[in-house]
Amino acid sequence: MGPASAVLEILRGPSFGAMALELVKLMVPIWVALLLGVLVGWVWRPKWANLAVAASGGLNETSRTNSGGGSFSASAGSVQASIHKKVCSEAPATFSSSSNDKSGLVNSDDLEHLCRLVELKDGGPDWIQMMDRSTATMSYQAWRRDPETGPPQYKSRTLFEDATPELVRDFFWDDDFRMKWDDMLLSASILEECSTTGTMMVQWVRKFPFFCSDREYIIGRRIWESGQAYYCVTKGVTCSTVPRLSKPRRVDLYYSSWCIRAAESKRDGQLTACEVILFHHEDMGIPWEIAKLGVRQGMWGAVKKIEPGLRSYQKARASGEAPISRCAFMAQINTKVSEDYLNSLDSSSSSSKKSDTENKTLNSCEKNQLGKKVPKLLVYGGAVLLACSLDRGLLTKALIFGAARRAGQIGKR
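Just so you know, these numbers come straight off a predicted model, no measurement behind them.

Our focus in this paragraph is the overall build of the protein chain. A tally of regular secondary structure across the protein chain gives twelve helices and 13 strands. Counting over 413 residues, the protein chain shows a buried share of 42%. In the structure as shown, the protein chain presents an accessible area of about 22700 Å², 59% of it carried by carbon and sulfur atoms.

Dropping the structure here:
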């Protein structure tokens, strides 16, 4: 018996109480099925979806268009053993830098992509502002955009008063100290490092809220220095030495990068503040609309935790209470680039974009011309059929062909 028949059968019932009871019996299975569907959709995604992402270039997307991949964690042994907070202190492996900067784990292509994002020249959709909040010593603005493919992308601008770019750079790189203020980070360790370029491969495990399983991230990261500005790239990478486990679930598509530079203070206009422009996106394995809702609701609460952590780090570094961690030490090994080099990246990207625009315009013109010809043929063909089907003399046919000719000329104009 279908739902409509069931409702009619209820309405024929002898009393209101019986009708209400039958309606409850009818609706309960529907609501139970709906809740189960939401629950399953939240916590489960089939393995073929992950394979499809990898097969379609989701892992390589990070180095060209989005430079993206995962978000944070530890080595294979520590992942299995560390559901509690810890930092692995084992000596990391080392890898040598290549003379060709485009072949490394994090290379000049990633720097170029970050520069285009900072200068708003990446060719993506417009950013939509979603937050503008501030405290006495920090201001925060956030934007979001939804690309045609891939997860939502976020941009933020944070201004820290009385902070230097070097301190903020070390603060965000220091996984040991992050454990003290980021309560979602369960474990972190260094897998590989390069003492020449400062490139690192790190592994994080992050705690997710509600009934979601923890997430594992394998991250490649590197810093470029230009004057008093630091371009810090972190993105998801592959690592054959760390096996993929069912729990924690690994996040492959992840991109989170900053431009850290000195800025004018809102108090006196002096260069005593630090500006951090962040670009972030990741595929956490949950529906994107649900992820957007969670980000919107929890963004300011998460951001407010950063500044107390930064001020505590600032005091600890000024007093010399704690030695500099390995991650903070690696943050000070930067690849220096000149402003002319960054400008050349902008000009090359602008010329390539101009070429793409010209090609798109040419294709659009060809399509428009084809589109004009097709309606014209349809108009004349329809006029011929109409004239042949109507037996109303030559005057009627002449009027029909005259109207068709004027319609065709409209397409030319």
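More follows now that the structure is in view.
Our focus in this paragraph is the nonpolar core. Counting 48 residues, the largest nonpolar core has Phe160, Val168, Phe171, Phe172, Ile260 and Val276 as the members making the most contacts within it. With five residues, helix α6 (residues 165-173) is the largest single contributor of residues to this core. Not counting residues within four places of it along the chain, the set of residues in contact with Val276 comprises Ser156, Arg157, Thr158, Phe160, Val168, Phe172, Trp258, Cys259 and Ile260. The next biggest cluster of nonpolar side chains, apart from the first, holds 19 residues, and it includes Leu117, Trp224, Tyr231 and Leu345.

Taken together, Met27, Ile30, Trp31 and Leu34 make up a surface patch of nonpolar side chains, about 410 Å² in accessible area. Along the polypeptide, Trp31 turns up in helix α2 (residues 16-43).

With that settled, the discussion passes to the packing of α6 against helix α9 (residues 306-319). At a minimum axis separation of 10 Å, α6 and α9 run at an interaxial angle of 110°. By the angle between their axes, α6 is roughly perpendicular relative to α9. Pair α6 / α9 crosses with right-handed handedness. Between α6, through Leu167, Val168, Asp170, Phe171 and Phe172, and α9, the contact on the second element is made entirely by Ile306, Gly309, Leu310, Tyr313, Gln314 and Arg317. Residues belonging to the contact of α6 with α9 are distributed by class as follows: seven nonpolar, two polar and two charged.

This brings us to the environment of Ser257. You can see Ser257 is positioned in strand β11 (residues 254-263). For Ser257, a relative accessible area of 0% translates into the label buried. With 26 residues separating them in the primary sequence, Ser257 and Tyr231 have C-alpha atoms 7.6 Å apart. Leave out the neighbours within four places in its chain, and Ser257 touches Leu114, Cys232, Val233, Thr234, Ile277, Leu278 and Phe279. Among the polar contacts made by the side chain of Ser257, one reaches the side chain of Tyr255 at a distance of 3.4 Å.

A few words on α9. If you check α9, its first and last C-alpha atoms are 20 Å apart, about what 14 residues at 1.5 Å a residue would give, namely 20 Å. What α9 keeps buried is the set Ile306, Glu307, Gly309, Leu310, Arg311, Tyr313 and Ala316. Buried residues along α9 sit against β4 (138-145), β5 (153-160), α6, α7 (175-181), α8 (288-303) and α10 (326-331). Trailing α9 by a residue or two, Gly320 shows a phi angle of about 70°, which is positive.

On to the pattern of salt bridges, then. Here the structure, examined in full by the defined rule, presents 20 salt bridges. A salt bridge links Asp182 to Arg206; its shortest N-O distance comes to 2.9 Å. Here the residue Asp182 occupies a position in the loop between α7 and β6 (185-193), and Arg206 occupies one in strand β7 (residues 200-206), the gap between them amounting to 24 residues. For the pair Asp182 and Arg206, a shared accessibility class is recorded, and that class is buried. Among the ionic pairs, Glu275 bridges to Arg261, the shortest N-O distance being 2.7 Å.

The next thing to look at is the side chain of Lys292. Checked against the element boundaries, Lys292 lands in helix α8. A polar side-chain atom of Lys292 sits 3.2 Å from a polar atom in the side chain of Glu289. Among residues more than four places away in sequence, those in contact with Lys292 are Arg144, Asp146, Pro152 and Tyr154.

Let us look at α8. With 16 residues, α8 extends 21 Å between its outermost C-alpha atoms, agreeing within 8% with the 22 Å of an ideal straight helix rising 1.5 Å per residue. A maximum bend of about 40° is found in α8 at Gln297. Among the residues making up α8, those that are buried are Ala291, Lys292, Met299, Trp300 and Val303. Close packing links the buried residues of α8 with β3 (128-134), β4, β5 and α9.

Right, let's get into the side chain of Arg215. When you line up the elements, Arg215 lands in strand β8 (residues 215-226). One buried charged residue, Arg215, forms no salt bridge at all, with the nearest opposite charge on Asp214 at 7.1 Å. A distance of 2.8 Å separates a polar atom in the side chain of Arg215 from the backbone oxygen of Met284.

With that settled, the discussion passes to the packing of aromatic side chains. Each aromatic ring pair is specified by the distance between its two centres and by the angle formed by the two planes. Taken as a whole and judged by the stated rule, the model has nine aromatic pairs. Aromatic pair Phe171 and Tyr313: ring centres 5.6 Å apart, planes at 55°, arrangement tilted. With Phe171 in helix α6 and Tyr313 in helix α9, the pair connects residues that are 142 residues apart, well separated along the chain. On the accessibility criterion, Tyr313 (4% relative accessible area) is buried.

Right, let's talk about empty space enclosed by the protein for a bit. Evaluated as defined, the whole model comprises three cavities of 30 Å³ or more. Put simply, the second largest cavity is a space of about 70 Å³. In terms of lining, the second largest cavity is formed by eleven residues, of which the most central are Leu117, Gln153, Tyr255, Phe279 and His281. Element by element, the count of residues in the lining of the second largest cavity is highest for strand β12 (residues 273-282), at three residues.

This brings us to the confidence of the model for the protein chain. Summarising the model, the protein chain shows a mean pLDDT of 75, and 62% of its residues fall at 70 or more. Every residue in residues 94-99 scores below 50 in pLDDT, and together they form eleven contacts with partners more than four places removed in sequence or on other chains.

So, how was this worked out
- Residues numbered from 1 in each chain as written.
- Predicted model: local features only at pLDDT ≥ 70, side-chain atom pairs only at ≥ 80, totals over all residues.
- Heavy atoms only, no water.
- Helix = DSSP H or I, 4+ residues; strand = E, 2+ residues; numbered from the N terminus.
- Buried < 20%, exposed > 50% of the residue type's maximum accessible area, 1.4 Å probe, protein only.
- Areas by Shrake-Rupley, 256 points an atom, 1.4 Å probe, with all protein chains shown as cover.
- Core = buried A, V, L, I, M, F, W, Y, C linked by side-chain atoms within 4.5 Å.
- Contact = heavy atoms within 4.5 Å.
- Patch = residues over 30% accessible without salt bridge, like charges linked within 9 Å, V, L, I, M, F, W, Y side chains within 5 Å.
- Salt bridge = Lys/Arg side-chain N within 4 Å of Asp/Glu carboxyl O.
- Axes fitted to C-alpha atoms, helices over the stretch in contact; angles between N-to-C directions.
- Parallel < 35°, antiparallel > 145°, perpendicular 65-115°, else oblique.
- Left-handed = near helix turned anticlockwise from the far one by under 90°.
- Nonpolar A, V, L, I, M, F, W, Y, C, P; charged D, E, K, R; others polar.
- Polar contact = N/O pair within 3.5 Å; in protein donor to acceptor, adjacent residues only side chain to side chain.
- Expected span 1.5 Å × (residues − 1).
- Bend = angle between axes of the 7 residues up to and from the residue.
- Lys, Arg positive; Asp, Glu negative; His and termini not counted.
- Phe/Tyr/Trp six-rings, centres within 6.5 Å; stacked < 30°, edge-to-face > 60°.
- 1 Å grid on protein atoms, 1.4 Å probe; cavity = no way out; pocket = protein on both sides within 12 Å on 5 of 7 lines; lining within 4 Å.
- Points joined across faces, edges and corners; volume = space filled by probe spheres on them.
- pLDDT = per-residue confidence, 0-100.

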